[in-house]
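Architecture and fold: a report
Residues per chain are reported as follows:
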There are 2 protein chains.
Amino acid sequence: MQLKVDRCSGRPLALQVVEGMREWVALNGAGGGTRLPSIRRLSSELGVSRNVAIEAYEHLIAQGLVRSRPGSGFFVADGASDALLKKGADATSLEEVTSEMWNLFQDDETRLKLGCGWLPSAYREGDELAYAIRQVTRQSRPGIFDYGTPMGMPQLRVLIQERLRLLGISADANQIMLTGGGSYALDLVARLMLKPGDSVFVESPGYYNLFGLLRLHRVNVIGVPRLKDGPDVERMEYLLKHHQPRLFFTNSVFQNPTGTTLGPTVAHRILQLAESHDFHIVEDDIYADFQHDPTIRIAALDGLQRVIYLGSFSKTLSCSLRVGFIAAEPALLKQLVDIKMLTSITASQFAERVVTTMLQNGTYRKLVERVRVKLSGQMAATLNLVKESGWEVFAEPAGGMFIWARHPHVASSNQLVANAQEAGISLSSGHVFYPQGDNASWVRINVAYARDKRAMAFLRQPGT
Amino acid sequence: MQLKVDRCSGRPLALQVVEGMREWVALNGAGGGTRLPSIRRLSSELGVSRNVAIEAYEHLIAQGLVRSRPGSGFFVADGASDALLKKGADATSLEEVTSEMWNLFQDDETRLKLGCGWLPSAYREGDELAYAIRQVTRQSRPGIFDYGTPMGMPQLRVLIQERLRLLGISADANQIMLTGGGSYALDLVARLMLKPGDSVFVESPGYYNLFGLLRLHRVNVIGVPRLKDGPDVERMEYLLKHHQPRLFFTNSVFQNPTGTTLGPTVAHRILQLAESHDFHIVEDDIYADFQHDPTIRIAALDGLQRVIYLGSFSKTLSCSLRVGFIAAEPALLKQLVDIKMLTSITASQFAERVVTTMLQNGTYRKLVERVRVKLSGQMAATLNLVKESGWEVFAEPAGGMFIWARHPHVASSNQLVANAQEAGISLSSGHVFYPQGDNASWVRINVAYARDKRAMAFLRQPGT
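The paragraphs below set out a description of the structure included in this document. Computed from a predicted structure; not experimentally measured.

Describing the environment of aspartate 284 of chain B
Within the element layout of this structure, aspartate 284 of chain B appears in strand β9 (residues 280–284). In contact with aspartate 284 of chain B, other than residues within four places in its own chain, are Leu186, Thr250, Asn251, Ser252 and Leu310 of chain B.

Focus on the nonpolar core
With 289 residues, the main nonpolar core has Leu114 and Ile326 of chain A together with Leu114 and Ile326 of chain B as its most contacted residues. Discounting residues that sit within four places of it in the chain, leucine 114 of chain A has contacts with Ile425, Ser426, Leu427, Arg444, Ile445, Asn446, Tyr449, Ala450, Ala455, Phe458 and Leu459 of chain A. Among the nonpolar cores identified, the runner-up in size contains 24 residues, and Ala14, Leu46, Val48 and Phe74 of chain A belong to it.

Quick word on the packing of aromatic side chains
Working definition: an aromatic ring pair is given by the centre-to-centre distance plus the angle between the planes. As enumerated under the stated definition, the model contains 29 aromatic pairs over all chains in all. Seen in terms of ring centroids, tyrosine 287 of chain A and phenylalanine 402 of chain A are 5.7 Å apart; in terms of plane orientation they differ by 80 degrees. Their pairing is edge-to-face. Within this pair, whereas tyrosine 287 of chain A is found in the loop between β9 (280–284) and α13 (298–302), its partner phenylalanine 402 of chain A is found in strand β13 (residues 402–406), the two being separated by 115 residues in sequence. Here tyrosine 287 of chain A matches phenylalanine 402 of chain A in class, with each residue buried. Pairing phenylalanine 313 of chain B with phenylalanine 325 of chain B gives two aromatic rings, centres 6.2 Å apart and planes at 50 degrees, and the pair type is tilted. A residue pair is termed long-range when its members are at least 10 positions apart, and phenylalanine 313 of chain B in the loop between β10 (307–312) and β11 (324–327) and phenylalanine 325 of chain B in strand β11 qualify at 12 residues. Across the pair, phenylalanine 325 of chain B and phenylalanine 313 of chain B agree in class, each one buried. One aromatic cluster is present, formed by Tyr208, Phe394, Trp404, Phe433, Tyr434 and Trp442 of chain A through successive ring pairs. Between the NZ or CZ atom of lysine 374 of chain B and the centre of the ring of tyrosine 123 of chain B, over which it lies, the distance is 4.7 Å.

Considerations on the relation of the copies chain A and chain B
In the superposition of chain A on chain B (RMSD 0.1 Å, axial shift 0.1 Å), the rotation amounts to 180 degrees. Such a combination of rotation and displacement between the chain copies is what one expects of a two-fold axis. The C-alpha atom lying nearest the rotation axis in chain A is that of arginine 134 of chain A; the distance is 2.9 Å. When you check the interface residues of chain A against chain B, 100% turn up at the interface there too, and the contact is symmetric in its surfaces.

Describing helix α14 (residues 330–344) of chain A
Three or four residues apart is the spacing at which side chains of an α-helix point the same way, because the helix has 3.6 residues per turn. All names here are of chain A. For α14, spanning 15 residues, the distance from its first C-alpha to its last is 21 Å, which sits close to the expected 21 Å at 1.5 Å a residue. Within α14, burial applies to Leu332, Leu333, Leu336, Val337, Asp338, Ile339, Lys340, Met341, Leu342, Thr343 and Ser344. With a side-chain oxygen positioned 3.0 Å from the backbone nitrogen of alanine 331, the residue opening α14 is glutamate 329. In the stretch just after α14, isoleucine 345 is the one whose phi turns positive, near 60 degrees.

Description of the sheet that holds strand β3 (residues 73–76) of chain B
Residues and elements named next belong to chain B. The strand order across the open sheet formed by three strands is β1-β3-β2, and the pairing between neighbours is antiparallel. Here the strands that pair on one side only, and so sit at the sheet edges, are β1 (35–36) and β2 (66–69). In this sheet, β3 lies alongside β1 in antiparallel orientation, the contact comprising two bridges. Counted as the bridge partner of arginine 35 is phenylalanine 75 from β3.

Things to note about the pattern of salt bridges
Side-chain pairs of opposite charge can arise whenever the charged atoms involved come near each other. Applying the stated criterion across every chain yields a total of 32 salt bridges over all chains. For arginine 141 of chain A, the salt bridge goes to aspartate 127 of chain B, with nearest N and O atoms at 2.9 Å. In this pair, arginine 141 of chain A sits in helix α7 (residues 141–145) while aspartate 127 of chain B sits in the loop between α5 (94–106) and α6 (128–139), so the two residues belong to two different chains. Residue arginine 141 of chain A is classed as partly exposed on the basis of its relative accessible area of 36%. Among the ionic pairs, aspartate 198 of chain B bridges to arginine 246 of chain B, the shortest N-O distance being 3.9 Å. Here the residue aspartate 198 of chain B occupies a position in the loop between α9 (182–193) and β5 (199–204), and arginine 246 of chain B occupies one in strand β8 (residues 245–250), the gap between them amounting to 48 residues.

A few points about the interface of chain A and chain B
On the chain B side, the residues contacting the 57 residues of chain A number 57 residues. For the pairing of chain A and chain B, the buried interface totals around 5300 Å² over both sides, and the portion due to carbon and sulfur atoms is 64%. Scanning the region where chain A abuts chain B turns up four salt bridges. Between arginine 191 of chain A and aspartate 187 of chain B there is a salt bridge whose closest N-O contact spans 2.5 Å. Taken together, chain A and chain B are joined by 30 residue pairs in polar contact (both at pLDDT 80 or more). Counting only elements with at least two residues in the side of chain A that touches chain B, the list comes to α5 (94–106), α6 (128–139), α7, α9 (182–193), α10 (208–216), α14 and α15 (349–360) of chain A. Per-element tally for the side of chain A that touches chain B: the top contributor is α14 of chain A, with eight residues. For the side of chain A that touches chain B, a count of residues per class yields 28 nonpolar, 16 polar and 13 charged.

Conventions we followed
- Residues numbered from 1 in each chain as written.
- Chains lettered and ligands numbered in written order.
- Predicted model: local features only at pLDDT ≥ 70, side-chain atom pairs only at ≥ 80, totals over all residues.
- Heavy atoms only, no water.
- Helix = DSSP H or I, 4+ residues; strand = E, 2+ residues; numbered from the N terminus.
- Contact = heavy atoms within 4.5 Å.
- Core = buried A, V, L, I, M, F, W, Y, C linked by side-chain atoms within 4.5 Å.
- Buried < 20%, exposed > 50% of the residue type's maximum accessible area, 1.4 Å probe, protein only.
- Phe/Tyr/Trp six-rings, centres within 6.5 Å; stacked < 30°, edge-to-face > 60°.
- Lys NZ or Arg CZ within 6 Å of the ring centre and 35° of its normal.
- Least-squares fit on C-alpha atoms with pLDDT ≥ 70 in both.
- Expected span 1.5 Å × (residues − 1).
- Polar contact = N/O pair within 3.5 Å; in protein donor to acceptor, adjacent residues only side chain to side chain.
- Pairing = 2+ DSSP bridges.
- Salt bridge = Lys/Arg side-chain N within 4 Å of Asp/Glu carboxyl O.
- Buried area = accessible area lost by both parts, 1.4 Å probe.
- Nonpolar A, V, L, I, M, F, W, Y, C, P; charged D, E, K, R; others polar.

Right under this line is the structure:
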C-alpha cells in the first residue's frame, strides 16, 4: 500500500488517510480478509500521529469497509471493494444532483439562498440590460423573429475573440461558437467527446451539476482533489496510472465551490499531463468576468489545441438570457456546432443581440465593474466575519462569489444545512460537491448573500 | 417474397416495388445469388404492368443490389444485404443533415428560401412581439435577470394547458414542461427514451433534422411511409413483425414535408398498434397553431398515456425566442425535467414571459389569425399555380406552409434543386426527407415564399 498525505492541502489528515485507503481497496480490488497495516505501522509510514491513524480506521470501520479483530489487527471487510466500486458509480447519483436542483429552484422564496450559485436581485439595480433589450426590439426585426446562425452571431464572436485575447488566448472567430448558456456548452462537449464507460476527471470538490450531467452520459467520474492553487497534480499523476480519462473538467478562476484560482506552475503541469496522457482539458471559465486582473489560463498555454475553453454571460449579466460560448480547435468546434444544430437548430438570436449591444456600447464593462467592486467588498467582510466566528476557510478567494468553509463545532455539513434551515437560510450539503459523495463538513457560502442579517447571525453562530 | 403495392398512396408503383424489394433483401439477409422473381411473375403477383416490374429491376440493378443474367433471370447481387444494412445505418447520415442545415443558414441572403421550414420576414409586419418584449423589461426585473424554474413558468404552463384542452387533450399543469424550442424537446425525449441500438419509427418522408438527431443517438431509424391521411398503418404493421420500436415520431397536423393531416381512423389504429406493440408515440405538433379548426390528435385519444406531445411557438411567433413545450405522463415528464436541468439548468425565463404576455393580452391570437389567413391565401394560389404548371402534388394540404410536389419533366429532385439555384432560389433535395435516403423526385415548397416573382417563374417552368 502506497498512501500519502499532504499537510498543506488543508484537508484533515485522517480524512486523507480514509480516502487513500478507500481508493487503494477499490483500485486493487482487495478481497475480504486482506490484512491492513497496524496503527503503529500506518502512522510511522505516513508520518502522522497514532491518533490520526486510529481516527482513520474508526471511520473506515463505521463505513463497513474495514473490520478489526481484537489482538490481531485490521482487515478489509467482505465485499468492500465491490461496495466501493458500486459507490463510485452511484455516488452523487443523478437523482441526488437533480433533487438538489429542484430544492434550489422550488425553495421558499422567503428563504435566503446563501448556498446558491448566482447573484441576488440586490445586484440588479442597473437598467442597462433593459435598455439594451428595448434597443434590440427597435433596431432589429430579424433579431426578434428569426433563427440565429449555427455558430452564433458573427459580431458577438468577434467581441468574444477580443476578450479572449486579453486573457492571452488567441482564437480565430471560426474557433468560437455561441451556445444557449454554459451548461449547454458542457453538455455539447460531453456529447461529442464521451461515450458510455469512458473515464472523466473532475475536481473534488467541484461543480455538482456537472457530476449529474456526466452521470447522464454514463461515464466513470473520478475526482481529482482541488487544492489552493488548482488541481492536485500529484494525485492526478497517481490516478493516471490507473485511469485513461478522455476529459478533465476544471474551473481555472474562482473555482466552484472553493473560490480558488489556478496558479501558473500547476497550469503548466496539468497541460503536460494532458499531453503525455492524451486527454483534453475542458477549461470552464464562467467566472472569468468577476476577475479584474487576469491570471493564467490553460487555454493560453495550450493555444487551444487540447483545451476546450468555455465561457458564459449568465453569471455576470443574466441567467435569463442563456448566452454562453465555446472556443476550441476548428475541426472539433465544427463538430460541436453540428450537434448544436441537431439538438436546438440555433440559440436565441435575440439574446445574442442583446449581449452584443452591451459589449459594444460599453455598458457590460461598467456593469461588470460594479458587480466586481460590490462582490469584493462582500468577500472581504464575509471572510472577516467567518474567521472571527471560528470558521475554517479552505482558502481565501481573491474574488468571485464563493467561500468554502466549515466550522469546528459542527461536524457535518448536513448539520450546518439543518441549522441554516432553522434560520430561514438555504445551503447545499457539502457532500454533493464531491463526485464520490464523501461525507463532508464543508459548505459553500455565496458572499453576495452573506450581508443579509439572517446570514450574519447564522455565520456568527452556526452551531445553534 | 411478400411484396405489396398501394395504388392509392400516390407513390409511383415502380418505386414501391424497389423499396419493398430492398427491404425484403435487408430483412431476410438474402445472400448473393438468391434468385428473384421473373418480370412476368413479379408483375402478375403484384398486379402491376410488366413495365413497372422492368423499371423496378432497372433501378435495383443501377443501385448495385440486383444483377441480371441474360436468359436466366434476376439475382441478389453479392453483398447486397450487407450494403442495405449499412445503408440503413448511414443513409441520411448525420453529415448529410448537418450540411443541409449549414447550407440553409449560410445561404446567400439574396437567394429566395423557397425550400425552408419557417416564415419569411414579410410575415413579421406586426409590432406585438416588440411591445411584449418591452413590457417584460419594464414589469419584471427577475424576468430579465434570473433563471426560470425547472418546469418553466407556471402561468405559461396553465395557458398551454387551456390551449391543449381546445384540442381535446386534457393535461394537468404538472404534465407540461417548457423547453428551449421544439428541437430541444425532441432531443430531451430521445435522451430519456432511447439507447444506442434501439429501433425508432419515423415518417417517410419526414423531418430531416429529426433523422440527424436520431443518428446522433445511434439508434436504428426506420421509415413508415406517410400517406394522405397519416402514417401507412399497414406498412407499420408489417414493419412491427420485424422491429420492436421504442418510439414513433409523427406530425399530426400539416406534416413536414407533405403538408398532410392525420385522419381519425388512422389515429386510432396507430394508437392501437402502440398499445399492442408497447411503444410510445411522439406527437410533434409544432404546426398546430396554423390550424383554425382542430382535427384529431393521438394525444387526445390516448389521454397522454403513451403519447408524448410536443409543441412550440417558434413557427408562429418567433424562432429567435426558442420556446417550446412537452406534455406527457407525470412520471415521465419529471424525468424529462431532470435531463433539462442537467443540460441547461432552466430555459430562458425572459422568453417564457414574453410568450406569456402575448397569450394573456390576446395579441398572440390575433397574430396567429393573421398568419393563418395569409398562409391560406398563399397555399391556394400556389396550389393553383403548380397544378396549372403540370406539377404533381402529393396531397393538397388543408393549411400550413408545405406542399410536397414533383414535376414530370424533371426526373430527380437534385435537378429541381439545381434549376432553382439557377433562378436564385434555394430548395432542399427531396432525398434528405427520406430516412433511408431514397432518391426522390419530390421537393418541399414553402408557400409563404411562393408569391415572389422568382418563385412564380420557377414554379411555372421548373424544367429550365
